[in-house]
Structures are given as structure tokens and as C-alpha cells.
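An overview of the molecular structure
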Amino acid sequence: GNSVTQMEGPVTLSEEAFLTINCTYTATGYPSLFWYVQYPGEGLQLLLKATKADDKGSNKGFEATYRKETTSFHLEKGSVQVSDSAVYFCALSTTQGGSEKLVFGKGMKLTVNP
Amino acid sequence: EPEVTQTPSHQVTQMGQEVILRCVPISNHLYFYWYRQILGQKVEFLVSFYNNEISEKSEIFDDQFSVERPDGSNFTLKIRSTKLEDSAMYFCASKTGPFNQPQHFGDGTRLSIL
């Protein structure tokens, strides 16, 4: 079946540090890949997405590239801010099965200190 | 920006009681979902709903669970006889169309079974 494996953390960084959160996937067919972020006390918000191989999703300084050869979708940011403190979820969906449900990784809690 | 709203934010219920979790998806969305997240675990798919019927459900979604879209705006999840292990955060999500459009999530309902 489809699955997502990501770094679990928690991770603590200083402001302006470089961030990488690894995400790899297993899927039948051609999945679309997503990063969702959950700020404290809030729901899941879409951060970025990529729907085919070699696509790069980007938003708010975050980037992730869909790498079919390594089945990966690692999230990066060059300089994190305190406001980036949140839980980050990697997820995939496929059109197989009809419903296009999301399959999530376990999530990684990031804390950024000033 | 339109958003998915969920009520209540926190529901406390005695084991064996029925509970209804409510969601108002974004108005022009056609695909609806429920997920849950047990504390410390992954976000798990429960059920998807399209064209007034269930399109897919997970193994978790047994006969104790049901969903309904009673009036064209609300989307409800009912648990008929709650168990302790139903304690979790329940998220509603919706999206406009097929082919891996992103899902938009509500802030969740925290369900506590005593």
C-alpha cells in the first residue's frame, strides 16, 4: 500500500538556521505530494505541493522537489524564523481508489529559538 | 479566504454515548473527508464522501461510524456508541475537484471519551 516516512523529530533550531526535513514515500501509480503545516492550536494548512516528477513546490521560503528516482520530497528552508515553529507533515495522494485520500507521515515538530 | 469550520472545538462524552461532530466545508467544494489523529500518532484517513455517498472508507470506519450531508452545507460524522479508543482529534477536509487538488482542513474537534 501507499505510505510516507518522514523525520519525526522533535527538532530545535536557532533563528536563521537551515532546515531540511526528509520525506520518502512508497506508492502505486503516480502520487501527488504535499507538505502540510500545523501551527499550535490550529488545523492543517497546505504549505506546498507537487503533482509530477521534478516539480518544485514553494511557499513562504520553503521548497520541496518531487524526486521520482529517489521517491523523496524533502522540505527545505534556507533561514528559519521563530514563526516557523510548528508540526510539519509530508503526505501523498493518488487517483487510484477513487477518493484521493491523503496518506500522512508521522509529522515533525520544529521549534525555532530566537 | 474561505475556510472549513468545525464544531465543537472540544467534545467530552461518556463511553457508550453517541456523538456528532460537525463540519461546514468551503461552499464550492465537492469532495469531503474525515481524518483522525490519536495523540502522538499519524493523521489517519477515515472516510471520503462525494456526490452524496461514501466513495471510500478505512478499516477504522466500522458500523459505529456514519457520515451525512443533511442540508448541502453541513457534513457530519456520527459515532453511535463511543469507546475509549475513539478519543482523538478529528479533522474535516474538503476540496474543489479531482486529480489531486489540495484538501483544505478545519481546525479539528478534540474528542475525549471518559
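See the structure printed just above.
Described below are features of the structure shown in this document. Predicted model only: the values in this text are computed from it and were never measured.

All names here are of chain A. Here we have 4 strands laid out as an open sheet, ordered 3-9-8-7, and antiparallel in their pairing. In the strand order of this sheet, the two ends are held by strand 3 (19-21) and strand 7 (56-59), each with one partner. Between one strand axis and the next, the sheet turns by 15° as a mean value, whatever way the strands run. As paired elements, strand 7 and strand 8 (residues 62-65) share 4 bridges and run antiparallel to each other. Residue pairing across strands places Ser-58 opposite Glu-63, the latter belonging to strand 8.

Moving on to the nonpolar core. Judged by nonpolar contacts, the single largest core of 28 residues is most densely connected at Trp-35, Leu-47, Leu-48, Phe-73, Leu-75, Tyr-88 and Leu-110 of chain A. For this core, the elements supplying multiple residues, two or more each, are strand 2 (11-14), strand 3, strand 4 (23-26), strand 5 (32-38), strand 6 (44-50), strand 8, strand 10 (86-93) and strand 12 (108-113) of chain A. Examining the composition of this core, we find that 4 residues originate from one element, strand 10 of chain A, more than from any other. Beyond its immediate sequence surroundings of up to four residues, Leu-48 of chain A is in contact with Leu-33, Phe-34, Trp-35, Gly-57, Ser-58, Asn-59, Phe-62, Glu-63, Ala-64, Phe-73 and Leu-75 of chain A. Counting residues in hydrophobic clusters, the runner-up holds 22 residues, among them Ile-38, Phe-49, Ala-88 and Cys-92 of chain B.

All names here are of chain A. Applying the stated criterion across every chain, the model contains 8 salt bridges over all chains. Among the ionic pairs, Lys-56 bridges to Glu-63, the shortest N-O distance being 3.6 Å. Close ionic contact of Lys-77 with Asp-84 constitutes a salt bridge, the shortest N to O distance being 2.7 Å. Taking the relative accessible area as the measure of exposure, Lys-77 reaches 9% and is therefore buried.

The rules we used
- Residues numbered from 1 in each chain as written.
- Chains lettered and ligands numbered in written order.
- Predicted model: local features only at pLDDT ≥ 70, side-chain atom pairs only at ≥ 80, totals over all residues.
- Heavy atoms only, no water.
- Pairing = 2+ DSSP bridges.
- Helix = DSSP H or I, 4+ residues; strand = E, 2+ residues; numbered from the N terminus.
- Axes fitted to C-alpha atoms, helices over the stretch in contact; angles between N-to-C directions.
- Core = buried A, V, L, I, M, F, W, Y, C linked by side-chain atoms within 4.5 Å.
- Buried < 20%, exposed > 50% of the residue type's maximum accessible area, 1.4 Å probe, protein only.
- Contact = heavy atoms within 4.5 Å.
- Salt bridge = Lys/Arg side-chain N within 4 Å of Asp/Glu carboxyl O.

Spatial relationships are all this shows, so hold off on functional conclusions.
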